[in-house]
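Chain by chain, the residues:
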Amino acid sequence: MQTKTLKADDEGFACAAKILRGGGLVGIPTETVYGLAANALDGKAVSKIFAAKGRPGDNPLIVHICEFDQIYKLVAEVPESAKKLAKAFWPGPMTIILPKAACIPDEVSAGLPTVAIRFPSHPAAQRIIRESGLPLAAPSANTSGRPSPTTAQHVLHDLSGKIDAVLDGGPCGVGVESTVITLASNPPRLLRPGGITLEQLRSVLGTVEMDDAVLHPLKAGVRAQSPGMKYKHYSPKANVIILDGTDAQYKDYVNAHAAPHVMALCYDGDDKELSVPAICYGGSQDDSAMAHELFDALREFDERGADTVYARCPAPQGVGLAVCNRLMRAAGFEVLHLG
Ligand code: TXA
Ligand code: MG
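Structural notes, computed from the coordinates. (Residues numbered from 1 in each chain as written. Chains lettered and ligands numbered in written order. Predicted model: local features only at pLDDT ≥ 70, side-chain atom pairs only at ≥ 80, totals over all residues. Heavy atoms only, no water.)

1. Brief notes about the overall build of the chain
Item 1. Regarding its fold elements, the chain presents 11 helices and 16 strands.
Item 2. For 339 residues, the compact-globule formula gives about 20 Å, and the C-alpha radius of gyration of the chain, at 20 Å, lands near that figure.
Item 3. Based on the C-alpha atoms only, the size of the chain along its principal axes is roughly 60 × 45 × 35 Å.
Item 4. A total of 339 residues make up the chain; the buried ones form 55% of that total.
Item 5. Summarising the internal contacts of the chain: among those between residues at least 6 apart in sequence, 67% fall at separations of at least 24.
Item 6. Accessible surface computed for the chain: about 13,700 Å², of which carbon and sulfur atoms make up 51%.
Item 7. If the 33 positive side-chain charges of the chain are averaged to one point and the 37 negative ones to another, these points end up 7 Å apart. (Helix = DSSP H or I, 4+ residues; strand = E, 2+ residues; numbered from the N terminus. Rg over C-alpha atoms; globule rule 2.2 N^0.38 Å. Buried < 20%, exposed > 50% of the residue type's maximum accessible area, 1.4 Å probe, protein only. Contact = heavy atoms within 4.5 Å. Areas by Shrake-Rupley, 256 points an atom, 1.4 Å probe, with all protein chains shown as cover. Lys, Arg positive; Asp, Glu negative; His and termini not counted. Charge placed at Lys NZ, Arg CZ, Asp CG, Glu CD.)

Structure, rendered in structure tokens:
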């Protein structure tokens, strides 16, 4: 099929809504990353998402809504904690997991008794949901295993010919996927860090546990709380290695290992002292900039033919926790402690 590129204008939104109502797939901008949307209440439409992405069938999808009250039809019960979180952080980059309502097809929940719900803040995402009149199931609009797309061009690179359309709303703001918190366990548990930080979640709910899989490989025999944790993610073709050390140790190590196709993912300004091609992804203290740049940088290493990328990783706090989580996964948890 020919994938249409739609503009964020009246005609583009009307076309996206029509495709979605007809059971098709549309790449949509959100404030985090681009999503690949289908009618969340139509199992057949949703199964096309898995085929287009090459996504394992046991990895459930997030259902997107454009006003809070839509949640009542999609989950079994709305606890006080969900209302508090929504009041503080919706619309925005946060996904809440709750026991599902009967209308949620098994394709969306991948057979789990729960469903993930998100109310995005991106005006184009909200308009597509509203004009289609549907809750929209949408994972990130990348080929499974690749870095998530933060531009319409990334979506086309991965999925052109496999989806009906992409609506180009420009680059995404946050740059990493939403924070995922489950309220189906007690105490609530952070399954995936994102733009809404663990510190922010705790300020509203008090105790919030962090799942071990956020920063560590899943232990053999342990069942993933979130099926997405099982899979290698965000990986460019290159072998990504995180270097843990001071500025000087990082530069010395990279320069000592300079070779063709060796590249660096570094903080702003560090590239001047490196003897390998480098991509700067933000100031050393600017974790929001790093979140914004990370996936684009990982894709660019592929285009430049990198086979090894030495990366610096921010402290696991604030949005830095999300950056760390994605980088650790891209690196297959390979960290070299210097010094
Ligand atoms: O920012 C985002 O969340 C983007 C945009 C498009 O909204 N979406 C996104 O979806 O990142 P996806 O499918 O790439 O990641 C969803 C994650 C997966 O790791 C999945 O396993 C987990 O959420 N998830 C979804 N439903 C779940 C459930 N019922 N229980 C546990 N984990 C769930
Ligand atoms: Mg994804």
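2. Let's talk about the site of ligand 1
Item 1. Taken together, 25 residues sit near ligand 1, with Thr32, Arg55, Asn59, His64 and Ser178 positioned nearest.
Item 2. Contact between ligand 1 and threonine 114: a nitrogen atom at 3.0 Å from a side-chain N or O atom of the residue.
Item 3. Interatomic distance of 2.8 Å between a side-chain N/O atom of serine 226 and a nitrogen atom of ligand 1.
Item 4. Burial of ligand 1 by the surrounding chains reaches 96%, relative to a free accessible area of 680 Å².
Item 5. Of all the secondary structure elements, the ones that give two or more residues to the shell around ligand 1 are β4 (62-64) and β6 (114-118).
Item 6. Grouping the amino acids of the shell around ligand 1 by side-chain chemistry returns 11 nonpolar, 10 polar and four charged. (Near = heavy atom within 4 Å. Polar contact = N/O pair within 3.5 Å; in protein donor to acceptor, adjacent residues only side chain to side chain. Nonpolar A, V, L, I, M, F, W, Y, C, P; charged D, E, K, R; others polar.)

3. Things to note about the pairing of strand β10 (residues 189-192)
Item 1. Note: strand β9 (residues 179-182) against β10, three bridges, orientation antiparallel. Its bridge partner lying in β10, isoleucine 181 is registered against leucine 190.
Item 2. Linkage of β9 to β10, two consecutive antiparallel strands, is achieved through a turn of six residues.
Item 3. Traced from β10 through helix α8 (residues 198-205) to strand β11 (residues 209-210), the parallel crossover comes out right-handed. (Pairing = 2+ DSSP bridges. Right-handed = clockwise from strand over helix to strand, strands pointing away.)

4. Some points on the sheet that holds strand β2 (residues 26-28)
Item 1. Pairing is mixed in the open sheet, where 11 strands are placed in the order β1-β8-β2-β3-β7-β4-β6-β5-β9-β10-β11. Because the sheet does not close on itself, it has two edges, and the strands there are β1 (4-7) and β11.
Item 2. When β4 meets β6, the two strands line up parallel, connected through three bridges. Its bridge partner lying in β6, valine 63 is registered against isoleucine 117.
Item 3. Each of β1, β3 (35-39) and β8 (165-168) is contacted by helix α7 (residues 152-159), which is oriented at about 165° to β8, the strand it contacts most. (Axes fitted to C-alpha atoms, helices over the stretch in contact; angles between N-to-C directions.)

5. Observations concerning the packing of aromatic side chains
Item 1. Taken as a whole, this structure holds five aromatic pairs when the rule is applied.
Item 2. Centre to centre, the rings of phenylalanine 68 and tryptophan 90 are 6.2 Å apart; their planes meet at 55°, and the pair counts as tilted. Placement of phenylalanine 68 in the loop between β4 and α3 (71-74) and of tryptophan 90 in the loop between α4 (80-89) and β5 (94-99) is noted, with a sequence separation of 22 residues between them.
Item 3. Connected via pairs of aromatic rings, a cluster forms that spans Phe68, Tyr72, Trp90 and Phe119. (Phe/Tyr/Trp six-rings, centres within 6.5 Å; stacked < 30°, edge-to-face > 60°.)

6. Observations regarding the pattern of salt bridges
Item 1. This model, assessed by the stated rule, comprises 16 salt bridges.
Item 2. Note that arginine 299 and aspartate 158 form a salt bridge whose closest N and O atoms lie 3.0 Å from each other. A residue pair is termed long-range when its members are at least 10 positions apart, and arginine 299 in helix α10 (residues 287-303) and aspartate 158 in helix α7 qualify at 141 residues.
Item 3. When its relative accessible area of 4% is taken as the criterion, arginine 299 is described as buried.
Item 4. In this structure, lysine 251 engages glutamate 273 in a salt bridge whose closest nitrogen and oxygen atoms are separated by 3.4 Å. Taken together, the residues span a long stretch of sequence, with lysine 251 in helix α9 (residues 247-256) and glutamate 273 in the loop between β13 (262-266) and β14 (278-280) at a distance of 22 residues.
Item 5. Accessibility expressed as a relative area gives 12% for lysine 251, which makes it buried.
Item 6. Put simply, Arg146, Asp158, Arg299 and Asp302 are held in one network by salt bridges that share partners. (Salt bridge = Lys/Arg side-chain N within 4 Å of Asp/Glu carboxyl O.)

7. Focus: the packing of α4 against α8
Item 1. It is at 10 Å that the axes of α4 and α8 come closest, and there the two elements cross at 125°. If you check the angle between α4 and α8, you find them oblique. For the pair α4 and α8, the sense of crossing is right-handed. Here Ser81, Lys84, Leu85, Ala88 and Phe89 of α4 lie close against α8, whose contacting residues are Gln200, Leu201, Val204 and Leu205.
Item 2. Of the residues assigned to the contact of α4 with α8, the class counts are six nonpolar, two polar and one charged. (Parallel < 35°, antiparallel > 145°, perpendicular 65-115°, else oblique. Left-handed = near helix turned anticlockwise from the far one by under 90°.)

8. Focus on the sheet that holds β13
Item 1. Read across the open sheet, the five strands follow the order β14-β13-β15-β12-β16; overall the sheet is parallel. The sheet is open, and its two edges are formed by β14 and β16 (335-337), each paired on a single side. Taking the axes of each pair of neighbouring strands and ignoring which way they run, one obtains an average angle of 25° across the sheet.
Item 2. Pairing of strand β12 (residues 239-244) with strand β15 (residues 308-311), which is carried by four bridges, proceeds in the parallel orientation. Directly across from isoleucine 241, in β15, lies its bridge partner tyrosine 310.
Item 3. Of the strands in this sheet, β12, β13, β15 and β16 touch helix α11 (residues 320-330), which is tilted by about 130° from β12.

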